[in-house]
Amino acid sequence: MGHTPPPLKTYAALVATMIFWGLSFVATKVALESIPTFTLVFIRFSLAALIFLLLRKGRKWPSFERKDHVKMVLLALFEPGLYFIFETIGLQYTSAPKTALIIATIPVVVLVLSAVMLGERTDGTNIAGIILSFGGIALLVVGDPEFSWSLEGSLLGDLLIGGAVVSASLYMIFARDLGRTYSSVEITFVQIVYGALFFCLPFVWELSSSVWPVVTLRSSVAAIYLTVFATVGAFLCYNFALSQVPASRAAVFVNGIPVVTAIGAWVLLDERLTVIQTGGGGLVLVAVFLTNLPAGAIRKKRKS
């Protein structure tokens, strides 16, 4: 017998996550026009933590067992902590197209870690979907008229982006594991609070060493979007989904993020897709659909 497919709200949560995080790259680009890097990240997570505190007014701090509390600290350390630091600093040394190709390997890393750490099984459909999605990401990247295989970015930058991939993958593994015992709201709340604490020192350092520019209304609106939707909303949706489906399956939706980013950049920033990039985006969407087909449906199609 095949596994019972997850309810529609699980996929709705994954799609919402993909949209929120996809548009976050556009919003971040706008916010950074007048807000320093670590200041933006700290504001994003500290305000998100305040929102959760208000939403949870009168409720006790989530009670984690000691071993699970260690996992929770590691969860916040990997993402938002190390992931955002690796990605932000790495992009200063390496090119964006190369970064996108490296980030696209997250589902592959999650697939391996899920098998090793969680004992989750993968089948040919999962593997085919991940390979197809990677091909779609490659087309999205190499289809850029300004794309070049030239190794002008330093090895340091590539290694830092690799660190972001590992950090995001470990975050997904720990979130999936904790989701078996605790609610997505509890996990997201603690994750965001710890994330805000993690970025406190970088914020203080940047505050003391930066000449503050005038923050524009445009950047302020982008920062609000990053806080409410890309942080609170996205982490709530994704942590809920991770409690319902295997980490390797949920991770494939990460490959849909560049599609959303490309569409958002086209609409909001007037950046247009080439024909090749459009084809790559289509491949990614097909891969997401293929990977999430119920196992029973796959077998029925093969028999017919």
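Our subject in this report is the structure included herewith. Because the structure is predicted, anything quoted here is derived from the model rather than measured. (Residues numbered from 1 in each chain as written. Predicted model: local features only at pLDDT ≥ 70, side-chain atom pairs only at ≥ 80, totals over all residues. Heavy atoms only, no water.)

Observations regarding the overall build of the protein chain
Secondary structure assignment for the protein chain yields 14 helices and 0 strands. In sequence order, the secondary structure elements of the protein chain are arranged as α-α-α-α-α-α-α-α-α-α-α-α-α-α. Looking at the protein chain as a whole, 51% of its 304 residues are labelled buried. A fraction of 93% describes how many contacts in the protein chain between residues 6 or more apart in sequence connect residues 24 or more apart. Of the roughly 15100 Å² that the protein chain leaves accessible, carbon and sulfur atoms contribute 69%. (Helix = DSSP H or I, 4+ residues; strand = E, 2+ residues; numbered from the N terminus. Buried < 20%, exposed > 50% of the residue type's maximum accessible area, 1.4 Å probe, protein only. Contact = heavy atoms within 4.5 Å. Areas by Shrake-Rupley, 256 points an atom, 1.4 Å probe, with all protein chains shown as cover.)

Notes on the pattern of salt bridges
Tallied over the entire structure, the rule returns 1 salt bridge. In this structure, Arg 218 engages Glu 33 in a salt bridge whose closest nitrogen and oxygen atoms are separated by 3.0 Å. Here Arg 218 is found in helix α10 (residues 217-242), whereas its partner Glu 33 is found in the loop between α1 (8-31) and α2 (37-55), with 185 residues between them in sequence. For Arg 218, a relative accessible area of 44% gives the class partly exposed. Taking the relative accessible area as the measure of exposure, Glu 33 reaches 47% and is therefore partly exposed. (Salt bridge = Lys/Arg side-chain N within 4 Å of Asp/Glu carboxyl O.)

Things to note about the side chain of Asp 68
Residue position: Asp 68 is located in helix α3 (residues 66-90). For the buried residue Asp 68, which engages in no salt bridge, the nearest side chain bearing the opposite charge is Lys 71, 4.1 Å off. With residues up to four places along the chain from it excluded, the contact list for Asp 68 reads Leu 178 and Tyr 182. (Lys, Arg positive; Asp, Glu negative; His and termini not counted.)

Examining a nonpolar patch on the surface
Taken together, the side chains of Val 108, Val 112, Val 116 and Met 117 make up a nonpolar region of the molecular surface, amounting to roughly 350 Å² of accessible area. If you trace the backbone, Val 112 turns up in helix α5 (residues 106-118). Val 112 gets classed as partly exposed once you look at its relative accessible area, which sits at 47%. (Patch = residues over 30% accessible without salt bridge, like charges linked within 9 Å, V, L, I, M, F, W, Y side chains within 5 Å.)

Let's talk about helix α8 (residues 184-198)
Residues lying three or four places apart along an α-helix face the same way, a consequence of the helix completing one turn every 3.6 residues. Taking 1.5 Å per residue as the helical rise, α8 with its 15 residues ought to reach 21 Å, and the 21 Å between its terminal C-alpha atoms agrees with that figure. Here α8 lies mainly inside the structure; 11 of its 15 residues are buried. Of all the positions in α8, only Ser 184, Ile 187, Thr 188, Phe 189, Val 190, Gln 191, Ile 192, Val 193, Tyr 194, Gly 195 and Ala 196 are classed as buried. (Expected span 1.5 Å × (residues − 1).)

Some details on the environment of Ala 128
When you line up the elements, Ala 128 lands in helix α6 (residues 124-142). Each C-alpha atom of the pair Ala 128 and Ala 287 lies 8.0 Å from the other, and the pair is 159 residues apart in sequence.

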